[in-house]
Amino acid sequence: MVKSTGFVAAVLFGLLATPTLAQDAPVLTIYTYDGFAAEWGPGPALKAGFEAICGGCSVEWIAADSSIGTLRRVQLEGDTTQADLIVGLDTAIAGEARATGLFADHGLDLSGLTLPEAWTDAQFVPFDYAHFAFVYDSDSVATPPKSFEELIALPADFKIAIQDPRSATPGLGLVLWIRAAYGDRAPEIWAGLKPHILTITREWSESYNLFLTGEADMALSYTTSPAYHIIAEDDQTIHAALFDEGHLAQTEVAGILKSSQHQELARQFLAYLSSAEGQKIMPSTNWMMPVTDLGDALDPVFKALPQPSTTLTLTDAEIAANAKAWIDEMLTAVQ
C-alpha cells in the first residue's frame, strides 16, 4: 500500500510491445488497486522486470479504486473475468476470497520467506507486510497516545482520520485490530473513539491527506509509513504511535484465478514477485517491508523503524465468521 501523497489518478498501462510482437505475445492481465499500478507504485518496475525474463510476454495492470474492489469485480465477472491474477488482497480478506472458489493453488515453495510467521497458504502468495498504526507529526503532537484508551482520554478536539472497513483494507484492519486487542470490549472502545473521529474516508489516501494538511492529528496507516517521509522528503517528524496492547499486521497477497488461460505464466509472475529481484522493488514504492531477506539491499531506514513489541493475530476462521458482525458493530458505535 503506497504511502505517498498527491497521487490520485489510477494508471492503466498499455502494451509496450511492437505491433508484430503483440500479435503473438501472451498478455498477463492483473487486477490490482490504483496505487499499486500508478507510475509511482511498484507496478511499472514489476512489469518491466518480469517482461525482461518471461520470454516475450506482456503484463497489463488493470486498476480498481481499492483491493476490495478488485475482489468484488472478479466475483461479478466469475469465470468470464479477463484477469489472470489479483495482486493486492490482504490476509484479512484472503479467507473470503478463498471461499469464492475462484482462486487456484499457487504451487510454489515459499519456505524461504522471512515473514514474522511461517507462510502456509496454498492459494495466496505474500509480497509485503507492515503493522497497522496511527501516524502523527511530532511538531504538532508532542506526546502521542500509547494505547486506544489513552487516545480516548484525550480532549475531544484531538482528531483522527480512519477508513471505511467496507471499502479499504486498512479500515477493515482497524476493526480487526480493536477486536483482537479488546475482544467483547470492542463496542466500548469504538464508542470512546467516536468523538475523535474527524471522518471515515473511503480510501487510505483521503485519510492520509487530511493528516498531512493538518486537519487530522493522526491517521490510520502503517508502522512503515514514516519511511516514505524520511527517504523521499528527508522529513524526520512523521512517526508511528506504538500502542501497548499490540498491533495487528497486514500482509498483502496475490493469487491466480482458476479461469486464467495463462496458469504457468501467472505462477512464474508470483515466483518473480516473491523473489529477491521482485522484492527489491517493494519497500521504496509500496513503503512496506519485504517478505524476502534483502540484506544490505534494504534501505537501513526500514531496519531502524520502531516496531510493536506485540503482534496481535486473528485466524482466517475467526475473521470469516465474524467480520461482517464486527463491521456492523463498529458502524453502529460511531454513527
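Structure report, in brief.

About the criteria used
Residues numbered from 1 in each chain as written. Predicted model: local features only at pLDDT ≥ 70, side-chain atom pairs only at ≥ 80, totals over all residues. Heavy atoms only, no water. Salt bridge = Lys/Arg side-chain N within 4 Å of Asp/Glu carboxyl O. Helix = DSSP H or I, 4+ residues; strand = E, 2+ residues; numbered from the N terminus. Buried < 20%, exposed > 50% of the residue type's maximum accessible area, 1.4 Å probe, protein only. Phe/Tyr/Trp six-rings, centres within 6.5 Å; stacked < 30°, edge-to-face > 60°. Contact = heavy atoms within 4.5 Å. Polar contact = N/O pair within 3.5 Å; in protein donor to acceptor, adjacent residues only side chain to side chain. Pairing = 2+ DSSP bridges. Disulfide = S-S within 2.5 Å. Axes fitted to C-alpha atoms, helices over the stretch in contact; angles between N-to-C directions. Parallel < 35°, antiparallel > 145°, perpendicular 65-115°, else oblique. Left-handed = near helix turned anticlockwise from the far one by under 90°. Nonpolar A, V, L, I, M, F, W, Y, C, P; charged D, E, K, R; others polar.

Attention now goes to the pattern of salt bridges. Counted under the stated rule, the structure contains 15 salt bridges. In this structure, the salt-bridge partner of Arg202 is Asp65, at a minimum N-O distance of 3.0 Å. Of this pair, Arg202 sits in the loop between strand S6 (197-201) and helix H9 (204-212) while Asp65 sits in the loop between strand S2 (58-64) and helix H4 (67-77), and the two are 137 residues apart along the sequence. Taking the relative accessible area as the measure of exposure, Asp65 reaches 36% and is therefore partly exposed. Put simply, Asp65, Arg202 and Glu203 are held in one network by salt bridges that share partners.

Turning to the packing of aromatic side chains, a few remarks are in order. Each aromatic ring pair is described using two quantities: the centre-to-centre distance and the angle formed by the ring planes. Counted according to the given criterion, the structure contains 19 aromatic pairs. With a centroid separation of 4.9 Å and 80° between ring planes, the pair formed by Phe148 and Phe243 is classed as edge-to-face. In this pair, Phe148 is assigned in helix H6 (residues 148-153) and Phe243 in the loop between strand S8 (238-241) and strand S9 (247-256), connecting sequence segments 95 residues apart. Here Phe148 and Phe243 have matching classes, each one buried.

Those residues of helix H5 (residues 91-99) lying buried are Ala92, Ile93, Ala94, Gly95 and Ala97. Residues of H5 that are buried make contact with H4, strand S3 (85-90), strand S4 (124-137), helix H7 (169-182) and helix H15 (316-334). In this structure Asp90 caps H5, since a side-chain oxygen of it lies 3.1 Å from the backbone nitrogen of Ala92. Of the residues one or two after H5, Gly101 is the one with positive phi, at around 75°.

The side-chain alternation of strand S5 (residues 160-163) yields two buried faces, one formed by Ile160 and Ile162 and the other by Ala161 and Gln163. As judged from the four bridges shared by S5 and S6, these two strands associate in the parallel manner. When the sheet's bridge partners are listed, Ala161 is paired in S6 with Thr199. Note that S5 and strand S7 (residues 218-222) share two bridges and pair parallel. Looking at the pairing, Ala161 lines up with Ala219 of S7.

What follows concerns the pairing of S4. For S4, a buried count of 14 out of 14 residues is recorded, marking the element as mostly surrounded by other parts of the structure. Pairing geometry for S4 and S9, over seven bridges, is antiparallel. Across the sheet, residue Tyr129 finds its bridge partner in S9, namely Thr251. Relative to S7, S4 runs antiparallel, the two sharing five bridges. Bridging from a neighbouring strand, Ala133 pairs with Ser221 of S7.

Turning our eyes to something else, we now look at the state of the cysteines. Summed over all chains, the structure comprises one disulfide. Paired through a disulfide, Cys54 and Cys57 show a sulfur-sulfur distance of 2.0 Å. Here Cys54 and Cys57 share a disulfide; its torsion about the S-S bond, -105°, makes the bridge left-handed. We note that Cys54, like Cys57, is buried.

Running from N to C, H7 and helix H8 (residues 186-193) cross one another at 125°; their axes reach a closest spacing of 9 Å. Taken together, H7 and H8 sit at an angle that is classed as oblique. Of the two possible hands of crossing, H7 and H8 adopt the one that is right-handed. Contact residues: H7 offers Leu174, Val175, Ile178, Arg179 and Tyr182, while H8 offers Ala186, Pro187, Ile189, Trp190 and Leu193. Partitioning the contact of H7 with H8 into residue classes produces nine nonpolar, no polar and one charged.

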